[in-house]
Amino acid sequence: MTYHPVPYRPARLPDDESLARAATLRQHMEARRSVRMFSPDPVPERAVLDAIAVASTAPSGAHQQPWTFVLVADPDVRRRIREAAEAEEQLSYDGRLGDEWLAALRPLGTDAVKPHLTDAPYLIVVFQQRFALDEDGGVRKHYYVDESVGIAVGMLLTALQVAGLAALTHTPSPMRFLGELLGRPRNEKAFAVIPVGYPADDCVVPDLRRKPLGEVLVRI
Ligand SMILES: Cc1cc2nc3c(=O)[nH]c(=O)nc-3n(C[C@H](O)[C@H](O)[C@H](O)COP(=O)(O)O)c2cc1C
């Protein structure tokens, strides 16, 4: 592959429009919460596909785009993911996590039971491509995979939120069962399971406070 530059001239926004867009997005994102209690109501599939397309515009190390998004709607597959995840989570909550981790999780009120995996109409299972696998079985290194996939998932969550959908970042650990269950190739490693849907009518979330801007921003 050789370097081939093309012009890039996006329209420059007037300040007031730029500020209005930034403020609207901030408002949307300040309202985002991780949802663990989903309604089984269907959501527009197009909005979910658009959000995945947004995620796939993420920057990536050497533009290797080292991600795969598996969209699971099939109730039977969601049930099998839940069963396998709950088996792992049970071991985790029974001691594998250690006291410090369990203490950190206590304010979230989570346990080994994961109804969101079957209640939400969609699961997006995100895989990292640890390396590229050519058709002839050859292998090529990927760079900055964790960073690239983390950014893509952030963009996915943002897009879902802007579309009015609720989501959770779920990381049952270890996650090897996901690759096996979903038949993913050996270069892919599960990164997160993201249930997507609407919150249940009786949904509650932990009462968490976010750090104010002044605490996370250093101006020099
Ligand atoms: C990398 C990562 C892993 C997470 N794993 C889990 C998880 O396995 N189960 C869960 O219920 N929440 C999980 N969460 C959600 C966090 O608990 C949640 O983002 C945090 O408590 C803040 O709440 P908020 O998202 O509503 O702002 C995870 C979040 C991140 C970013």
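About the thresholds
- Each chain has its residues counted from 1, running along the sequence as written.
- Local features in a predicted model are, by the rule used here, given only for residues with pLDDT of at least 70; side-chain atom pairs are given and counted only at 80 or more, and totals for whole chains, interfaces and linings are based on all residues.
- A set of buried residues drawn from Ala, Val, Leu, Ile, Met, Phe, Trp, Tyr and Cys, joined through C-beta atoms within 7 Å, is what defines a nonpolar core.
- In this scheme every C-beta is placed from the backbone, and a residue whose C-beta has 20 or more other C-beta atoms within 10 Å is buried, one with 12 or fewer is exposed, and one in between is partly exposed.
- The helix and strand labels rest on DSSP assignments: H or I over at least four residues marks a helix, E over at least two residues marks a strand, and numbering proceeds from the N terminus.
- Any two residues are considered in contact once their C-beta atoms, placed from the backbone, lie within 7 Å.
- UniProt positions are given in the numbering used here, feature names are shortened, and annotations may be inferred rather than shown by experiment.
- The convention used is that axes are lines fitted to C-alpha atoms, helices contributing only their stretch in contact, and that angles between N-to-C directions extend from 0 to 180 degrees.
- In a left-handed crossing the near helix is turned counterclockwise from the far helix by less than a right angle, and in a right-handed crossing that turn is clockwise.
- Under the scheme applied here, ten amino acids are nonpolar (Ala, Val, Leu, Ile, Met, Phe, Trp, Tyr, Cys and Pro), four are charged (Asp, Glu, Lys and Arg), and all others, including Gly, are polar.
- One fewer than the residue count of a helix, multiplied by 1.5 Å, yields its expected span.

On to the nonpolar core. Counting 40 residues, the largest nonpolar core has Leu 123, Val 125, Val 126, Leu 156, Ile 194 and Val 196 as its most contacted members. No other element matches the eight residues that helix α6 (residues 145-162) contributes to this core. Once you skip the residues sitting within four places of it in the chain, Val 126 turns out to touch Trp 67, Phe 69, Val 149, Val 153, Phe 191, Ala 192 and Ile 194.

Per the UniProt record, "domain: Nitroreductase" (unreviewed entry) is annotated on residues 30-198. For residues 30-198, the helix share is 41%, the strand share is 21%, and the end-to-end C-alpha distance is 17 Å.

Now for unusual backbone geometry. The linkage connecting Ser 173 with the following residue, Pro 174, adopts the cis geometry, with an omega of -5°. Position of Pro 174 relative to the elements: it lies in the loop between β6 (166-167) and α7 (176-181). Here the phi dihedral of Gln 65 falls at roughly 45°; this positive angle occurs in a residue that is not glycine. One can find Gln 65 in the loop between α2 (45-55) and β2 (67-72). Looking at Gln 65, the number of C-beta atoms within 10 Å reads 17, which means it is partly exposed.

Two numbers describe how α2 lies on α6: the axes approach to 8 Å, and their chain directions differ by 145°. The two elements α2 and α6 cross, and the hand of that crossing is right-handed. Where α2 approaches α6, its residues Asp 50, Ala 51, Ile 52, Val 54 and Ala 55 are matched on the opposing element by Ala 152, Val 153, Met 155, Leu 156, Ala 159 and Leu 160. When the residues that make up the contact of α2 with α6 are grouped by side-chain class, the tally is 10 nonpolar, no polar and one charged.

Here we take up the environment of Leu 108. Position of Leu 108 relative to the elements: it lies in the loop between α4 (99-105) and α5 (116-119). Here the alpha-carbon distance between Leu 108 and Leu 157, two residues 49 residues apart in the chain, equals 19 Å.

Among the secondary structure elements, Arg 106 is positioned in the loop between α4 and α5. As for Arg 106 and Phe 191, which are separated by 85 residues in sequence, their C-alpha atoms are 23 Å apart.

What follows deals with α6. With 18 residues, α6 extends 26 Å between its outermost C-alpha atoms, agreeing within 8% with the 26 Å of an ideal straight helix rising 1.5 Å per residue. Every buried residue of α6 is listed here: Val 145, Ser 148, Val 149, Ala 152, Val 153, Leu 156, Leu 157, Ala 159 and Leu 160. Packed against the buried residues of α6 are α2, β2, β3 (122-129), β6 and β7 (188-199). The first or second residue beyond α6 is Gly 164, which carries a positive phi of 85°.

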